[in-house]
Amino acid sequence: MALIAKHCEEWGFFQLVNHGISEELLERVKKVCTEFFKLEREQNFKQSPLFKSLSDLPDGQKLENVDWEDVITLLDHNEWPSKTLGFKETMAEYRAELRKLAGQVMEVMDENLGLPKGYIKNAFNSGGEEAFFGTKVNHYPPCPKPEMVNGLRAHTDAGGVIMLFQDDVVGGLEVLKDGEWFDVQPMRNSIVINTGDQVEVLSNGRYKSAWHRVQAKPDGNRMSIASFYNPSMKATIAPAPQLVENGGVGVEAFGYPEFVFGDYMSVYAEQKFDPKEPRFQAVRAM
Ligand code: OGA
Ligand code: NI
């Protein structure tokens, strides 16, 4: 509990081992996601305009406003890839486990923050809708000119609790702490947890959402699967009154705004790769 509290406060990131998700399932997830990329995505990526723009780019320049990655998003009710044997079944099983894990992680945060048990989860499930749970299956293919493009540009995550199952071998994820970038080193079958902008607001800034980015690499195809437990689009998010001086008086004056998460996402869609403070300002004005 203390270690998690410390890392939430100081880093906004930590790696979870002994998380209770079976190794057998994690091995299957790696297998189906690797096969899915090979079978259903790789060819397209190699023929994409992005691939061509990079080959055409003169030396010394950098491709801006793009990321060297291939992404699909799995939700409860969208269409999932169906050609790769076992992909749907395995990923459904994986998502069910990760949804449970999110619940456990949020309870640990509740307790560490001195909030009633279930506080964060309830906040995310408010507004008459269930929390928004998504899974991004990302691949970062080997990049012929890694110094000329980002794997994924620096950003903070918009949502709540993010759980990343990253490649065992190929690194590239970095987190910013005190002005310096640190590697999030691959650790076999661990789950990397980080807190998004909504946890920063709820915790009234005790748990900051940290900047992170992915470096493109010349060798190896990096897989990462990011699952996010976010508020429902209709949920109202605000600093927990218990964490605001004087028990909630002057919440507005203190800094973090109160807003509807869907409004925040509209702002985020335009400003994902910018600092979060102007997003808080913009949503306050809505
Ligand atoms: C993200 C993210 C990191 C990674 O999807 O928001 O930060 O390693 N991903 O893919
Ligand atoms: Ni991110």
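Under an unreviewed UniProt entry, the name given to the protein chain is aminocyclopropanecarboxylate oxidase, and the organism recorded is Linum tenue. According to UniProt, the comment filed for the protein chain under the heading Pathway (unreviewed entry) is "Alkene biosynthesis; ethylene biosynthesis via S-adenosyl-L-methionine; ethylene from S-adenosyl-L-methionine: step 2/2." Listed under Sequence similarities (unreviewed entry) in UniProt, the entry text for the protein chain is "Belongs to the iron/ascorbate-dependent oxidoreductase family."

Around a metal, the perfect tetrahedron of four donors has angles of 109.5 degrees, and the perfect octahedron of six donors has angles of 90 or 180 degrees. The coordination sphere of the nickel ion (ligand 2) contains the protein donors His155 (NE2), Asp157 (OD) and His212 (NE2), at a distance range of 2.1 Å. In primary-sequence terms, the residues that donate to the nickel ion (ligand 2) follow H-x1-D-x54-H. One end of the pair, Asp157, is in the loop between strand S4 (150-155) and strand S5 (161-166); the other, His212, is in strand S9 (residues 212-215), and 55 residues separate them in sequence. Accessibility assignment for this pair places Asp157 and His212 in one class, buried.

Quick look at the UniProt feature "domain: Fe2OG dioxygenase" (unreviewed entry) in the protein chain now. Using the residue numbers shown here, the UniProt feature "domain: Fe2OG dioxygenase" (unreviewed entry) corresponds to residues 131-231. What you have in residues 131-231 is 6% helix and 48% strand, and the ends, taken at the C-alpha atoms, are 5 Å apart.

This part covers the packing of helix H8 (residues 261-271) against helix H9 (residues 277-284). Close contact between H8 and H9 brings their axes to 9 Å; oriented N to C, the two are set at 140°. Judged by the inter-axis angle, H8 sits oblique to H9. The hand of the H8/H9 crossing is right-handed. Seen from H8, the contacting residues are Asp263, Tyr264, Val267, Tyr268 and Gln271; seen from H9, they are Pro278, Arg279, Phe280, Ala282 and Val283. Partitioning the contact of H8 with H9 into residue classes produces 7 nonpolar, 1 polar and 2 charged.

Of all the 5 residues making up strand S6 (residues 173-177), 4 are buried; the element is thus mostly covered by neighbouring parts of the structure. Bridging between S6 and S9 involves 3 bridges; their strand directions are antiparallel. Each residue of the ladder has a partner; that of Leu173, found in S9, is Val214. Bridge count for S6 against strand S7 (residues 180-183) is 4 bridges, and the pairing is antiparallel. Paired with Lys177 across the bridge in S7 is Glu180. As consecutive antiparallel partners, S6 and S7 are separated by 2 residues, and within that stretch Asp178 has a phi angle of approximately 50°, a positive value.

Turning our eyes to something else, we now look at the nonpolar core. Counting 55 residues, the largest nonpolar core has Met91 and Phe124 as the members making the most contacts within it. If one sorts the elements of this core by residue count, helix H4 (residues 87-113) sits on top with 10 residues. Residues in contact with Met91, not counting those within four places in the same chain, are Val29, Val32, Cys33, Leu74, Trp80, Val137 and Ile225.

So, how was this worked out
Residues numbered from 1 in each chain as written. Chains lettered and ligands numbered in written order. Predicted model: local features only at pLDDT ≥ 70, side-chain atom pairs only at ≥ 80, totals over all residues. Heavy atoms only, no water. UniProt positions renumbered as here; feature names shortened; annotations may be inferred. Donors = N, O, S within 2.8 Å, 3.2 Å for Na, K, Ca; no water. Helix = DSSP H or I, 4+ residues; strand = E, 2+ residues; numbered from the N terminus. Buried < 20%, exposed > 50% of the residue type's maximum accessible area, 1.4 Å probe, protein only. Axes fitted to C-alpha atoms, helices over the stretch in contact; angles between N-to-C directions. Parallel < 35°, antiparallel > 145°, perpendicular 65-115°, else oblique. Left-handed = near helix turned anticlockwise from the far one by under 90°. Contact = heavy atoms within 4.5 Å. Nonpolar A, V, L, I, M, F, W, Y, C, P; charged D, E, K, R; others polar. Pairing = 2+ DSSP bridges. Core = buried A, V, L, I, M, F, W, Y, C linked by side-chain atoms within 4.5 Å.

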